[in-house]
Amino acid sequence: MIAHQAATEQMRVVLVGNPNVGKSALFGALTHQRVIVSNYPGTTVEIAQAGFSDSTAAQNGKFRRGAQLDAGLKNAILIDTPGTNSLSAQSDDERVTAEYLHAHHDEISAVVQVADAKNLRRALLLTVQLAQLGLPLVLVLNMMDEAQANGVHIDTARLSEKLGIDVVQTVAVRGEGIDAVLAAIPAACVPHVELAPVPPSQYPPRAQKLKQELNTVDLLLHEIITHSVPEDRRFRRQLGRWMVHPVLGWSFLLIVLWLMFKFVGEFGAGTLVGFLEETVFGEWINPAATRLVDAVLPIPFVHDLLVGDYGIITMALSYGIAIVFPIVTTFFLAFSILEDTGYLPRLAIMFNRVFTLIGLNGKAVLPMVLGLGCDTMATMSTRVLETRKERLLTTLLLALGVPCSAQLGVTLGMLEQVGTAAFFLWGGVVVATMLIVGLLGAKLLPGKRSDFIIELPPLRLPQLGNIALKTLARVEWYLKEVLPLFILGTLILFALDKTGVLMVIERLASPLVVNALGLPAGATGAFLIGFLRRDYGAAGLFAMALAGELNSQQIVVSMIVITLFVPCVANVLMIAKEYGVRVAVSVCLVVFPLAFTVGALVNGLLNMFQVTL
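Computed from a prediction, not measured in an experiment: that's the story for all the values here.

1. Topic: the overall build of the protein chain
- Looking only at helices and strands, the protein chain features 25 helices and 11 strands.
- A separation threshold of at least 6 residues defines the contact pool for the protein chain, and within that pool the share at least 24 residues apart is 76%.
- In the structure as shown, the protein chain presents an accessible area of about 27,500 Å², 64% of it carried by carbon and sulfur atoms.

Here it is in structure tokens:
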């Protein structure tokens, strides 16, 4: 026990757990303070730390007064480590957690392990490994509401007795059980676990030890868990099996894509954009802003800056709010629903065979899917992949052909105007390009593909509160991070136009944009600003399409090129942070020429065979 530790000595409490067990929610509930985030030495993996708080989270984001903090916890620090499935590290995240526990063994006062209560086998394997380190431990069974709903009944008292440590039940997102966690930490004890004997085998010592640990876990589970599966859960389990079926699984995927196309492409990019752009901005805001500017500041320069062709109101806000905002909002909403149902990990299984062809496995689907939200964050999430080759290749494919939410929504809106054939041509060309680059990358990059092991969470009905919180958080991110870049991009175009540089660039780029791609010279400005953010470039092309300046073939060609752009400056900086400047420059040197080359080839083939879209 560590309760005797002097109050003046700062306690170091470490939060450990498998990925996706609610560790971050518990960290927030225990601290409520400004978090200090730093990179672990020699890596780009982040570790967060903060002090404890004696107020705990309640429902609806409000806080209530919790139990009085132990004297030792008042000055203690809580360290949140990356999610890990094992202390026999495979990925960078797992390696950092294992190294931290070993390097700071003598400084750690307690380890708080967060477990998914409905998936204890995976969690208890980590518990057994932590016990062998000899660190004081508190086991937190989180998501107890989901475990009970899934018919999982845990004898917590028996588990506590068998391990010789406190076992606490929580629902961290609702603040339930947080007081009990705070009370248990000062009394943390070293678990006593005897590894189950296994017969000798031809397997190497590491595999033999893992078998021993798993046998120990299975014996423990047999004593503490009972199951009762409700009828609706049986149906969800069967539905989950159908979703990963080699044939039926693709049918589910097509249905999901069709529903997203209808909701984001037609409703978001059609109905909502039409109302905001034509009515709100076209009939109300832009005319009113023009009259106000001309009345208050009747200066030509100010007029052009605010309400001209490259005006902050008429272009930046019009693009950012009237065109992109309704699209990203509908996409964020749809994406949050998919996240909350547990469908995304099933995509990893469906795509595993395809990804095997390009030196990856199904785990790479998860960063790819995250890239549909934000490529920059998805690049950071490639840390979960186990080999450098897999991380580099996934990062390259993210930069090459995975459109972020804003761009994907705009693309769906544009392609909705030209029909199904155009949509499949765009998607087919982008996917084929990614496969070819992936095949070449798999052969040229050194290293090998790791084994594919993934855990499937149960399917569940999406919770309205979770969906609302996720959607609002992402919309807030868009308004804070992306919209200012739209304004910056507009100012750049304004300056280039006023100085005559834009006309020079259009003339120099004419052989490429006009002759090779078959686009109007005005599209040069959209591609130019696409270097800042490709979704802004896509919004510029969308505006041209709405104005009737692009025909069906030009829409498809322009969307192919802008999709194959590097996503944004932030993504390039993230690649440089993760892998170094040399890799970031190399990615740009591959992606930009390839984007224009593929677009030119598609345009040339469509003209050669006189294909009408």
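There's more to say after this.
2. With respect to the packing of aromatic side chains
- As enumerated under the stated definition, the model contains 13 aromatic pairs in all.
- Considering the side-chain rings of F301 and F494, the 5.4 Å spacing of their centres and the 75° angle between planes classify their relative orientation as edge-to-face. Note that F301 is positioned in helix α11 (residues 300-307) and F494 in helix α19 (residues 464-498), a separation of 193 residues in sequence.
- Given the relative accessible area of 7%, F494 is considered buried.
- Each ring, one from F527 and one from F596, has its centre 5.7 Å from the other, and the planes form 70°; the classification is edge-to-face. One end of the pair, F527, is in helix α21 (residues 523-530); the other, F596, is in helix α25 (residues 581-608), and 69 residues separate them in sequence.
- Ring-pair connections join several aromatic residues into one group, and the members of that group are F527, F565, F592 and F596.

3. Some remarks on the packing of helix α12 (residues 312-341) against helix α22 (residues 534-546)
- Contact geometry for α12 and α22: axes closest at 10 Å, N-to-C directions at 95°. The angle between α12 and α22 places the two elements in the roughly perpendicular class. For the pair α12 and α22, the contacting residues are M315, A316, Y319, I323, V324 and I327 in the first and Y536, A539, G540, F542 and A543 in the second.
- Classifying every residue of the contact of α12 with α22 by side-chain character gives 10 nonpolar, one polar and no charged.

4. Considerations on the pattern of salt bridges
- Taken as a whole and assessed by the stated rule, the structure comprises 14 salt bridges.
- Across the salt bridge formed by R12 and E107, the nearest N and O atoms sit 3.3 Å from each other. Pair noted here: R12 is in strand β1 (residues 12-17) and E107 is in the loop between α3 (92-103) and β7 (110-116), with a separation of 95 residues, a long-range link.
- Of the residues examined, E107 reaches a relative accessible area of 40% and is grouped as partly exposed.
- The closest approach of N and O atoms between D304 and K498, which form a salt bridge, is 2.6 Å.

5. Quick look at the confidence of the model for the protein chain
- Averaged over all residues, the pLDDT of the protein chain is 84; the fraction at 70 or higher stands at 89%.
- Taken as a whole, residues 1-8 scores under 50 in pLDDT and shows 16 contacts with residues more than four places along the chain or in a different chain.
- Counting interchain partners and residues more than four positions distant, the pLDDT-below-50 stretch residues 37-44 has 20 contacts.

6. Considering the nonpolar core
- Counting residues in hydrophobic clusters, the biggest one holds 102 residues, and the most contacted among them are F527 and L541.
- Once you skip the residues sitting within four places of it in the chain, F527 turns out to touch V513, L517, L519, L541, S558, V561, I562, F565 and F596.
- Core analysis: the next-biggest nonpolar cluster, separate from the first, contains 39 residues, L87, L101, I108 and A147 among them.

7. Concerning the packing of helix α10 (residues 248-296) against α11
- Where α10 contacts α11, the axes come no closer than 10 Å and their chain directions differ by 160°. With respect to their mutual orientation, α10 and α11 come out roughly antiparallel. Crossing geometry of α10 relative to α11 is assigned as right-handed. Each of A289, T290, V293 and D294 in α10 lies in contact with α11, whose residues at this interface are V302, H303, L306 and V307.
- Of the residues contributing to the contact of α10 with α11, the split by class is five nonpolar, two polar and one charged.

8. So, the side chain of E213
- With respect to the element layout, E213 can be found in helix α8 (residues 205-224).
- A distance of 3.1 Å separates a polar atom in the side chain of E213 from a polar atom in the side chain of Q132.
- For E213, the contacting residues outside a window of four places in its chain are L125, V128, Q129, Q132 and L195.

9. Let's talk about helix α23 (residues 552-563)
- Taking 1.5 Å of rise per residue, 12 residues should cover 16 Å, and α23 covers 17 Å from first to last C-alpha, within 8% of that figure.
- Judged by how many residues are buried, α23 sits mostly within the fold: 11 of 12 residues are covered.
- Restricting attention to buried positions, one finds in α23 the residues Q553, Q554, I555, V556, V557, S558, M559, I560, V561, I562 and T563.
- Its side-chain oxygen placed 3.2 Å from the backbone nitrogen of Q553, N551 serves as the N-cap of α23.

Analysis parameters
Residues numbered from 1 in each chain as written. Predicted model: local features only at pLDDT ≥ 70, side-chain atom pairs only at ≥ 80, totals over all residues. Heavy atoms only, no water. Helix = DSSP H or I, 4+ residues; strand = E, 2+ residues; numbered from the N terminus. Contact = heavy atoms within 4.5 Å. Areas by Shrake-Rupley, 256 points an atom, 1.4 Å probe, with all protein chains shown as cover. Phe/Tyr/Trp six-rings, centres within 6.5 Å; stacked < 30°, edge-to-face > 60°. Buried < 20%, exposed > 50% of the residue type's maximum accessible area, 1.4 Å probe, protein only. Axes fitted to C-alpha atoms, helices over the stretch in contact; angles between N-to-C directions. Parallel < 35°, antiparallel > 145°, perpendicular 65-115°, else oblique. Nonpolar A, V, L, I, M, F, W, Y, C, P; charged D, E, K, R; others polar. Salt bridge = Lys/Arg side-chain N within 4 Å of Asp/Glu carboxyl O. pLDDT = per-residue confidence, 0-100. Core = buried A, V, L, I, M, F, W, Y, C linked by side-chain atoms within 4.5 Å. Left-handed = near helix turned anticlockwise from the far one by under 90°. Polar contact = N/O pair within 3.5 Å; in protein donor to acceptor, adjacent residues only side chain to side chain. Expected span 1.5 Å × (residues − 1).

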